[in-house]
Amino acid sequence: MEEIVEAQKQFFNSNTTKDIAFRIGQLQKLESILRANEELLHQAIYKDFKKSAFENYTTEISLLYHDIKEAIKRVKKWSAQKRVRTNLANLPGKSYIIPEPLGVSLIIGAWNYPYQLSLAPAIAAIAAGNTVIIKPSELPINTSKAMAKLINENFDPNFFKVIEGGVAETTDLLNQKFDKIFFTGSVPVGKIVYQAAAKKLIPVTLELGGKSPAIITANCDLKISVKRLIWAKYLNAGQTCIAPDYVVVHEKVKEEFLKLAKKEIAQSKFLIEEDNYVQIINDKNLQRLIALIDKDKIYTGGEYDLENRIMEPTILTNITFEDKVMQDEIFGPILPVLEYNDLNKIIQEIKARPKPLSCYVFTSVKKIKRKILDEISFGGGAVNDAVMHIANSNMGFGGVGESGIGSYHGEYGFRAFSHYKGILEKPTWIEPNFKYHPHTKSKLKWIKRLIG
Ligand code: NAD
């Protein structure tokens, strides 16, 4: 690991990556490799957890194409020196900010959207002029291998390399002196990464998880709300970091909500054999999910197939914050439904817990929308929708508090891998005397008059 990181450091120090044309060339190359290997990428992810070609394209590969195109189009602007105002004390002079790449970056990916979560940060890192080492998640072993094959066979390892492995390899990597660590994964492992980075004062972006609430108020378009919510919850069988983890629904519309949700699940045909659903990633996670189902509280679903690692879309009702399913992020196709009648109280309950990665509010009342958006702190979210905010790269995507540090997508990704160097440039034809010794009373008087 040390040798690889050292070789990347030397490559970075050659200034090759500072050239915008080089960055654009590498991004174009990545796009053409992905386009030429879409089928290989699909086969790999299908082997890992039966993700369909439709979902592989819409939730992974197409997002990467979008990021690459956007980066190619805007990298010149993003990396341009920016002039800023100069304060009075520094006049005459000019001030500007130079975006510079941080250097050698490490990207540690999660398994649930294995291509997107490893390659989207890599696109941002390349656009910003860094060298990149990706450590994909080892759980979807075929996607990890596919990424390693495509990147390692086509790119100079001193610039861009995939290193496969699990805890041991990641630990080894975390002992190296990177210039940036970008981690996507769970809160407990996020803490390990942050601690390792702190020892070497390495800047981090941590894209973590948590329990994201969806609030269904009494005044919403229930039909469309349920449709959007059910799609968002059971996409990838609930194995989505920004999936609505649980629902709090106003007591007046609870029964109607449950009925519509059950109907929507039936209509959606979440069936693996129809390429409409995915497997749970491994036996351990399926067992963890099974243990979260309180049989007495099943409204619909609850069945599972151990051999094929499938769990039915499940809704649990009459749930309170004390239930087992409400203690940790679910990360699977179980939707607990809690009832409320006092919005203030439910806001307090949410605020008493770690700040969520996302929050969704379904309402047609402006005042309620404003209240929820203003009073609850969370990474990002949507009004009358769920999950789709991630697709707008004009908004940074990331968590706050325990759901993460920093953000990415679009220019925010470029910023995550950049340092902004502030420069004051002075002419030499004049030099006011105020700051120089000896410090006299009359100089102080003039300074006070000028600065205020
Ligand atoms: P994870 O934390 O188990 O693993 C993430 C990465 O860390 C993997 O590459 C893994 O090899 C490595 N890792 C695991 N244990 C480690 C250890 N002890 N030391 C060093 N490295 C270690 O997460 P996961 O199961 O892959 O993903 C699920 C979690 O990720 C959920 O909590 C989910 O919400 C979160 N997530 C967040 C986002 C986001 O964008 N915020 C996106 C996807 C997933």
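All values derive from a computational prediction rather than experimental measurement. (Residues numbered from 1 in each chain as written. Predicted model: local features only at pLDDT ≥ 70, side-chain atom pairs only at ≥ 80, totals over all residues. Heavy atoms only, no water.)

## Quick word on the overall build of the protein chain
Then step 1. When you go through the protein chain residue by residue, the secondary structure sums to 15 helices and 18 strands.
Then step 2. Principal-axis analysis of the C-alpha atoms places the extent of the protein chain at approximately 80 × 55 × 35 Å.
Then step 3. Residues classed as buried in the protein chain amount to 51% of the 452 residues present.
Then step 4. A separation threshold of at least 6 residues defines the contact pool for the protein chain, and within that pool the share at least 24 residues apart is 70%.
Then step 5. Here the protein chain displays about 21300 Å² of accessible surface, and carbon together with sulfur accounts for 53% of that area.
Then step 6. If you average the places of the 61 positive and of the 51 negative side-chain charges in the protein chain, the two averages end up 12 Å apart. (Helix = DSSP H or I, 4+ residues; strand = E, 2+ residues; numbered from the N terminus. Buried < 20%, exposed > 50% of the residue type's maximum accessible area, 1.4 Å probe, protein only. Contact = heavy atoms within 4.5 Å. Areas by Shrake-Rupley, 256 points an atom, 1.4 Å probe, with all protein chains shown as cover. Lys, Arg positive; Asp, Glu negative; His and termini not counted. Charge placed at Lys NZ, Arg CZ, Asp CG, Glu CD.)

## Overview of the UniProt feature "active site" (unreviewed entry) in the protein chain
Then step 1. The UniProt feature table records "active site" (unreviewed entry) at Glu-207.
Then step 2. Looking at where Glu-207 falls in the secondary structure, it is placed in strand E7 (residues 204–207).
Then step 3. Exposure remark for Glu-207: the relative accessible area of 3% places this residue in the buried category.
Then step 4. Aside from chain neighbours lying at most four places away, what touches Glu-207 is Phe-182, Phe-183, Thr-184, Gly-185, Phe-397, Gly-398, Gly-399, Ser-403, Gly-406, Ser-407 and Tyr-408. (UniProt positions renumbered as here; feature names shortened; annotations may be inferred.)

## Focus on the site of the ligand
Then step 1. In the neighbourhood of the ligand, 26 residues make up the surrounding shell, with Gly-109, Glu-138, Ser-186, Leu-208 and Glu-329 lying closest.
Then step 2. For the ligand, an oxygen atom lies 2.6 Å from a polar atom in the side chain of Glu-138.
Then step 3. Relative to its unbound accessible surface of 840 Å², the ligand loses 88% to contact with the protein.
Then step 4. Mapping the ligand onto the cavity grids shows that it belongs to the largest pocket.
Then step 5. Those elements that place two or more of their residues in the shell around the ligand are helix H7 (167–174), strand E6 (180–184) and helix H8 (187–199).
Then step 6. Of the residues belonging to the shell around the ligand, the class tally is 14 nonpolar, 8 polar and 4 charged.
Then step 7. Residue-level mapping places the shell around the ligand at the junction of two domains, with at least three residues from each of domain 1 (2–208 + 401–421) and domain 2 (213–398). (Near = heavy atom within 4 Å. Polar contact = N/O pair within 3.5 Å; in protein donor to acceptor, adjacent residues only side chain to side chain. 1 Å grid on protein atoms, 1.4 Å probe; cavity = no way out; pocket = protein on both sides within 12 Å on 5 of 7 lines; lining within 4 Å. Sits in = over half its atoms within 2 Å of the grid points. Nonpolar A, V, L, I, M, F, W, Y, C, P; charged D, E, K, R; others polar. Domains from an automatic or database assignment.)

## Observations regarding the packing of helix H4 (residues 53–78) against helix H5 (residues 114–127)
Then step 1. Close contact between H4 and H5 brings their axes to 9 Å; oriented N to C, the two are set at 5°. Between H4 and H5, the crossing angle belongs to the class labelled roughly parallel. Touching Asn-56, Thr-59, Glu-60, Ile-61, Leu-63, Leu-64, Asp-67, Ile-68, Ala-71 and Val-75 of H4 are Pro-114, Tyr-115, Gln-116, Leu-119, Ala-120, Ile-123 and Ala-127, all from H5.
Then step 2. Grouping the amino acids of the contact of H4 with H5 by side-chain chemistry returns 12 nonpolar, 3 polar and 2 charged. (Axes fitted to C-alpha atoms, helices over the stretch in contact; angles between N-to-C directions. Parallel < 35°, antiparallel > 145°, perpendicular 65-115°, else oblique.)

## Section: the pattern of salt bridges
Then step 1. Scanning the entire structure with this criterion turns up 12 salt bridges.
Then step 2. Lys-211 is the salt-bridge partner of Asp-245, the closest N and O atoms lying 2.6 Å from each other. One end of the pair, Asp-245, is in the loop between helix H9 (222–234) and strand E9 (246–250); the other, Lys-211, is in the loop between E7 and strand E8 (213–216), and 34 residues separate them in sequence. Both residues of the pair, Asp-245 and Lys-211, count as buried.
Then step 3. Glu-264 is the partner of Lys-227 in a salt bridge, and the nearest nitrogen-oxygen pair spans 3.5 Å. Of this pair, Lys-227 sits in helix H9 while Glu-264 is found in helix H10 (residues 254–268), placing the two residues 37 residues apart along the sequence.
Then step 4. Judged by relative accessible area, Lys-227 falls into the partly exposed class, the value being 44%.
Then step 5. By relative accessible area, which is 12% here, Glu-264 ends up buried. (Salt bridge = Lys/Arg side-chain N within 4 Å of Asp/Glu carboxyl O.)

## Regarding the layout of surface pockets
Then step 1. Space inside the largest pocket adds up to approximately 1500 Å³.
Then step 2. Looking at the largest pocket, it is lined by 50 residues, and the ones nearest its centre are Gly-185, Ser-186, Val-187, Pro-188 and Glu-329.
Then step 3. Secondary-structure elements contributing two or more residues to the lining of the largest pocket are H7, E6, H8 and helix H11 (283–290).
Then step 4. Top contributing element to the lining of the largest pocket by residue count: H8, with 5 residues.
Then step 5. By volume, the second largest pocket is sized at about 580 Å³. (Points joined across faces, edges and corners; volume = space filled by probe spheres on them.)

## Structural notes on the side chain of Glu-60
Then step 1. With respect to the secondary-structure elements, Glu-60 resides in helix H4.
Then step 2. With residues near it in sequence (within four places) discarded, Glu-60 still touches Ile-45, Lys-51, Glu-55, Asn-112, Tyr-113, Pro-114, Tyr-115 and Gln-116.

## A short note on helix H12 (residues 343–351)
One turn of the α-helix equals 3.6 residues, which is why residues spaced by three or four share an orientation.
Then step 1. Every buried residue of H12 is listed here: Leu-343, Ile-346, Ile-347 and Ile-350. All buried residues of H12 project into a common sector of 105° when viewed along the axis, lining one side.
Then step 2. For H12, the elements touching its buried residues are E8, E9, strand E14 (334–340) and helix H13 (366–375).
Then step 3. Here H12 starts with a cap whose side-chain oxygen sits 3.0 Å from the backbone nitrogen of Asn-344, and that cap is Asp-342. (Arc of directions from axis to C-beta.)

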